[in-house]
Amino acid sequence: MQKIVKSLLAGNLGMPMSDCALRRCGVDSSIVYEGPGLLTQEMDKSIRLRVFSAPVDFLEAFNRDFNRDLTPSVLVPDSQYYDFEGKDPFGKVWRANRISIDTDFGSGTYVRARPWALEKTEERSKPAERPVVAAFLPGKIELPWHAVTEMASGVGR
């Protein structure tokens, strides 16, 4: 955490993120953008979040860009905001609530946001399983644990 604070104060934060998800707020059938991301700091020391998501077909992209439920003189509804969650390289989960996003659609979906506040939490996950290594050794090898050991008779009786 100390390294992140020093980077923030210096104005040069750059942190890759994995398992990022931006979920639309306030609706039942939520729009979700998922993929890797990048958290960086701009020259003015503001934070910029970028997420690289799967492509969206043309008609759906058009609807997402132009079919918004905005009414003049009415506060912006929750459905225009997104909640963010992503993991840093150390497995810590970062969250931001109610952020506005900009999207570019094409062969992939490029999502940009400027979160006002980020919150880091510990993720309690199951411990990682032990890695297993399998090797193939050509030829015949005598292994010592296959040797037969005989016990002396009458011992331990």
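Residues numbered from 1 in each chain as written. Predicted model: local features only at pLDDT ≥ 70, side-chain atom pairs only at ≥ 80, totals over all residues. Heavy atoms only, no water.

(A) Just the overall build of the chain, in detail. When helices and strands are counted, the chain shows 2 helices and 8 strands. Across the chain, helices and strands are ordered from the amino to the carboxyl terminus as α-β-β-β-α-β-β-β-β-β. Looking at the 157 residues of the chain, the share that counts as buried comes to 26%. Accessible area of the chain: about 12,100 Å², with a carbon and sulfur share of 56%. (Helix = DSSP H or I, 4+ residues; strand = E, 2+ residues; numbered from the N terminus. Buried < 20%, exposed > 50% of the residue type's maximum accessible area, 1.4 Å probe, protein only. Areas by Shrake-Rupley, 256 points an atom, 1.4 Å probe, with all protein chains shown as cover.)

(B) Structural detail: the layout of surface pockets. Roughly 240 Å³ of internal volume is contained in the second largest pocket. In terms of lining residues, the second largest pocket is bounded by 13 residues, among which Lys-3, Ile-4, Met-15, Pro-89 and Phe-90 are the most central. Taken together, the residues of the lining of the second largest pocket sort by class into 7 nonpolar, 2 polar and 4 charged. (1 Å grid on protein atoms, 1.4 Å probe; cavity = no way out; pocket = protein on both sides within 12 Å on 5 of 7 lines; lining within 4 Å. Points joined across faces, edges and corners; volume = space filled by probe spheres on them. Nonpolar A, V, L, I, M, F, W, Y, C, P; charged D, E, K, R; others polar.)

(C) Structural context of the sheet that holds strand β4 (residues 82–87). Reading across from one edge, β6-β7-β3-β2-β1-β4-β5-β8 is the order of the 8 strands in this open sheet, with antiparallel pairing throughout. Both outer strands of the open sheet, β6 (101–105) and β8 (119–121), are each paired with one neighbouring strand and no more. Neighbouring strand axes in the sheet, compared pairwise and without regard to direction, differ in orientation by 25° on average. Sheet topology places strand β5 (residues 93–99) next to β8; 3 bridges connect them, and they run antiparallel. For Trp-94, the partnering residue across the bridge sits in β8 and is Lys-120. (Pairing = 2+ DSSP bridges. Axes fitted to C-alpha atoms, helices over the stretch in contact; angles between N-to-C directions.)

(D) Structural view of the packing of aromatic side chains. On inspection of all chains with the given rule, the structure shows 2 aromatic pairs. Aromatic pair Tyr-33 and Tyr-82: ring centres 6.0 Å apart, planes at 40°, arrangement tilted. Placement of Tyr-33 in strand β2 (residues 32–41) and of Tyr-82 in strand β4 is noted, with a sequence separation of 49 residues between them. Using a relative accessible area of 8% as the deciding quantity, one classes Tyr-82 as buried. Arranged with centres 5.5 Å apart and planes meeting at 20°, the rings of Phe-52 and Tyr-110 form a pair that is stacked. Taken together, the residues Phe-52 in strand β3 (residues 47–53) and Tyr-110 in strand β7 (residues 109–113) connect sequence positions 58 residues apart. Over the face of the ring belonging to Tyr-81 we find Arg-98, whose NZ or CZ atom lies 4.3 Å from the ring centre. (Phe/Tyr/Trp six-rings, centres within 6.5 Å; stacked < 30°, edge-to-face > 60°. Lys NZ or Arg CZ within 6 Å of the ring centre and 35° of its normal.)

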